[in-house]
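Residues per chain, in single letters:
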Amino acid sequence: MSDAADQPVEDVANKVDEDALGAFASGVDTSVDYPLRVEGLEKSFGGITAVDGATFEVEAGSLTGLIGPNGAGKSTTFNLITGMLKPDAGTVTFNGEDITGEEPHEIANRGMVRTFQIARELSEMTVLENMMLAPKHQRGETLWRSVMPGVRDDVREQEEELLERVWEVLDFFDIAHIAEEYAGNLSGGQRKLLEMARALLTDPDMLLLDEPFAGVNPTLEKKLLEHVHELREQGYTFLLVEHDMDLIMNNCEHVIVLHQGSVLTEGTPDEIRSNEEVIEAYLGGNV
Amino acid sequence: MSVRDDFTARIPGGDAGLIVLVLLGTYLAYVLAGFVLGYTLRGQLNSIATLTFYIGVFAMLSLALNLHWGYTGLFNIGIVGFMAVGVYVTAIVTKPTYVAGGAAQVGGLGLPLWVGILAGMTAAALLGLVVALPALRLRADYLAIVTIAMSEIVRFSFLSGELQQFQLFGNRVGFGGGSGLILDFAPPLEALLRGVGLWNGYLGFVDAFQVLVPRNPKPVVDGLVYGLLLLGFVAGFYWLLKRTGESPFGRVLKAIREDEDVANALGKNTDRFKIKSFMLGCALMGLAGILWLVPQGAVTPNFFRPRVTFFIWIALIIGGAGSNTGSVLGGAVFAAVLYQGPRYFQNLVSAVFPNLDSPSGFGQAISPLISQFDPVPFLLYTVDSIRQLQLVVMGLVLIWLMHNRPEGMLGYRKETASVIPLSRPKSMTADGGSDDSVRTDGGVDAAAQGGETDE
């Protein structure tokens, strides 16, 4: 989580980014404004083409929605971006660097972290352990540092710092009261919160949320959305895969519609809402 | 289960106290059995030494396996292969160089034992690396197949006539084939005591021991002191693995066990963590093998059959995978009850009923049961062949455990994977930000307040 002092600066950055949207439309293009670029991404499984030349960008500091009917290739695209799958063709660029085909952990270390469609908590670890796992480059992740007397004090010191941050994030997500519970005992909604909190602790620039609201009750959904908006204001970039059209339309400023593995159209929610092709795709017409 | 929690929490000294308590109880049972059997003091001391030896080796091995399976979720069923490589490499490095006409068919490099032990551990770790590199990228089951195959390949390599003798650095060395190797060098205890200059003092102590054991006390004292040394090694393993587990490193291992994709998506290079964990465990298995077999004076490849691997698995399952304390307890209980126990039980029965005439074959044992409903001959036959039935008993125990207590003795305890306790730091306000309106989803918040960390 960013320090409170950073926030005004980030807000300014957001305003600049909003102006940049216009700049992009007129052909001026700086990679800083679009941390994630996907170009001509292709992936097929056996004879079935799941992603077929998907090309889009995600603007810095935005909350971008990725929608599409079932089988449009949303999750596959996500997996291709985050390295869980290797694309057959196309490139993924993050912060100006080509990350195509990198391992998931390399991509996560570059500052792009994902959550999973079905919350994948580490069930036999406590919420606190789940959270403590996430921060990057922990000294104690090197075996000898964790074991050697003396050097372990360094590790202890860092653990103490991390622990404070973990509790801050737990407070931010209002899950401090379940901190000592095993993650496997949490309810579905709490798992989603835990997953987002955990992803946040890796100190990412960009969060990819795969259906974060699926199976979450309306009250918690509202809560989660508040968190997302609050974080966005702090300068995080979000790419969101979601089934729920209304939710995307009401919360995202930019929407990308995938259909049969490629981008059907993209634009503001209003533009998407009135797009005939999108309606047809969702209603199963032959596009 | 909460009763057990209370019980383990009430033992003074915590985990160490629990281990000591179990060990004392086991020794007491063995000493009592020794009294019934009419053992002399020498016999009692010998049986304690043997028991300690097996407790030591099984505790070490199940601790090492716990790192693989309990922490990292690596399904290693080739433990005995890593032990074998440890022992054989130690033997080749440490055996005196070949002299024509000597007792040994092949020689070694004639280096000190500690060099041999380090070489053996390194070889086991490197074998672990070789096995891990292709297998760790596959699903867990494939690692199991690869490891058990590897352990058999290792055994057959040591059996093979081709490798019976070969030249290494101009020395005639070899694995000795089916007849094995004579370990014609000072055993670990002697090497250690000579190394620290206490050998003469030790011999003096052995002489003083004649007060208790008049004739030839050295084997008795050797056994007892070596048993103590092994317990020291168990403590070392425990210390090392506890620190490994209770650290950010151990946290990543745990995460890999739970869901490798998640750990990877959070930026952890899971392959590297798995390989490190696997190699460390393999090196420890090699060391445990060395400490088990080198004092025996000779080693044959057929000791390293897969069943030893499964003994260690049973020990870990009894103790509870995931808990280091449980691993030690499991090793101790397995050694005392399932490994050494049946023999003692048989001796006890024949000591208490000296005139029992057990039937000599299965037919004579079973026919009275069928024709006259007389179960006595069958029972006698069972007791008489209890050593052969040892594996059946182990299987039954395993089945019972899987049904009734799959988490073992202490597997329900989760040792928190962090260097520090994870409670809210004192510098932060006690209930900052936890306003009650957030409990929107009817979770487990009430229970969580009383959640214990088990440390």
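Residues numbered from 1 in each chain as written. Chains lettered and ligands numbered in written order. Predicted model: local features only at pLDDT ≥ 70, side-chain atom pairs only at ≥ 80, totals over all residues.

**Focus on the overall build of chain B**
Convention followed: Helix and strand assignments come from DSSP, with helices taken as H or I runs of at least 4 residues and strands as E runs of at least 2, each series counted from the N terminus. All radius of gyration figures rest on C-alpha atoms, and the globule criterion is 2.2 Å times the number of residues raised to 0.38. With C-beta atoms placed from the backbone, a residue counts as buried when 20 or more other C-beta atoms lie within 10 Å of its own, as exposed when 12 or fewer do, and as partly exposed for counts between those limits. By the criterion used throughout, residues are in contact when their C-beta atoms, derived from the backbone, lie within 7 Å.
The number of helices and strands found in chain B is 19 helices and 4 strands. What you see for chain B is a C-alpha radius of gyration of 25 Å, in line with the 23 Å of a compact globule of 455 residues. Its C-alpha atoms put chain B at 85 × 70 × 50 Å along the principal axes. Within chain B, the fraction of its 455 residues that count as buried is 42%. Here the analysis covers contacts within chain B between residues at least 6 apart in sequence; of these, 74% occur between residues at least 24 apart.

**What about the interface of chain B and chain A?**
The condition is simple: Under the grouping applied here, Gly and all other residues not named as nonpolar or charged are polar, the nonpolar ones being Ala, Val, Leu, Ile, Met, Phe, Trp, Tyr, Cys and Pro and the charged ones Asp, Glu, Lys and Arg.
Taken residue by residue, the interface counts 45 residues in chain B and 52 residues in chain A. Among the secondary structure elements, those contributing two or more residues to the side of chain B that touches chain A are α9 (218-245), α10 (248-258), α11 (260-265), α12 (270-293) and α19 (445-449) of chain B. Of all the elements, α10(B) adds the most residues to the side of chain B that touches chain A, at 7 residues. Looking at the side of chain B that touches chain A residue by residue, the class counts come to 17 nonpolar, 16 polar and 12 charged.

**Considerations on the sheet that holds strand β4 (residues 89-94) of chain A**
Residue and element names in this part refer to chain A. Rule in force here: Between any two strands, pairing holds if DSSP finds at least two bridges.
The antiparallel open sheet is built from 4 strands, whose spatial order is β2-β1-β4-β5. Lying at the two open borders of the sheet, with one neighbouring strand each, are β2 (48-58) and β5 (97-98). The pairing of strand β1 (residues 36-45) with β2 spans 8 bridges and is classified as antiparallel. When the bridges of β2 are listed, Glu42 appears paired with Asp52.

**Concerning the pairing of strand β10 (residues 262-267) of chain A**
Alignment of strand β9 (residues 254-259) of chain A against β10(A), held across 5 bridges, turns out to be antiparallel. Bridge pairing in β10(A) links His259(A) to Ser262(A).

**Examining unusual backbone geometry**
Phi is positive for Asp203(A), which is not a glycine, with a value near 65°. Tracing the backbone through its elements, the reader meets Asp203(A) in the loop between α7 (188-200) and β7 (206-210). Although it is not a glycine, Asn216(B) adopts a positive phi angle of roughly 40°. Among the secondary structure elements, Asn216(B) is positioned in the loop between α8 (199-208) and α9.

**Digging into the sheet that holds β9(A)**
All names here are of chain A. Worth spelling out the cut-off: As a rule, the C-alpha atoms of each element are fitted with a line to give its axis, helices using only the stretch in contact, and angles between N-to-C directions run from 0 to 180 degrees.
If you walk across this open sheet you meet the 6 strands as β6-β7-β8-β3-β9-β10, and the pairing is mixed. This sheet does not close on itself; its edge strands, each paired only once, are β6 (112-114) and β10. Taking the axes of each pair of neighbouring strands and ignoring which way they run, one obtains an average angle of 20° across the sheet. The pairing of strand β3 (residues 63-67) with strand β8 (residues 237-241) spans 4 bridges and is parallel. Paired with Leu63 across the two strands is Phe238, which belongs to β8. Along the sheet face, helix α2 (residues 74-81) touches β3, β6, β7, β8 and β9 and points at about 145° away from the line of β7.

**So, the UniProt feature "transmembrane region" (unreviewed entry) in chain B**
All names here are of chain B. Stated formally: UniProt positions are given in the numbering used here, feature names are shortened, and annotations may be inferred rather than shown by experiment.
Here, UniProt's "transmembrane region" (unreviewed entry) annotation points to residues 16-41, 47-67, 74-93, 113-133, 140-158, 223-241, 278-298 and 310-339. Structurally, residues 47-67 is divided into 100% helix and 0% strand, and its ends, taken at the C-alpha atoms, are 30 Å apart. This span, residues 140-158, is 100% helix and 0% strand, and a straight line between its end C-alpha atoms measures 28 Å.

**A few points about the domain arrangement of chain A**
All names here are of chain A. Heads up, the rule is: Each domain's limits were defined by an automated method or a database of domain assignments.
Domain parsing of chain A yields domain 1 (4-121 + 203-283) and domain 2 (123-185). Every contact between the two is made by 4 residues of domain 1 and, on the other side, 7 residues of domain 2. Looking at the side of domain 1 that touches domain 2 residue by residue, the class counts come to no nonpolar, 2 polar and 2 charged.

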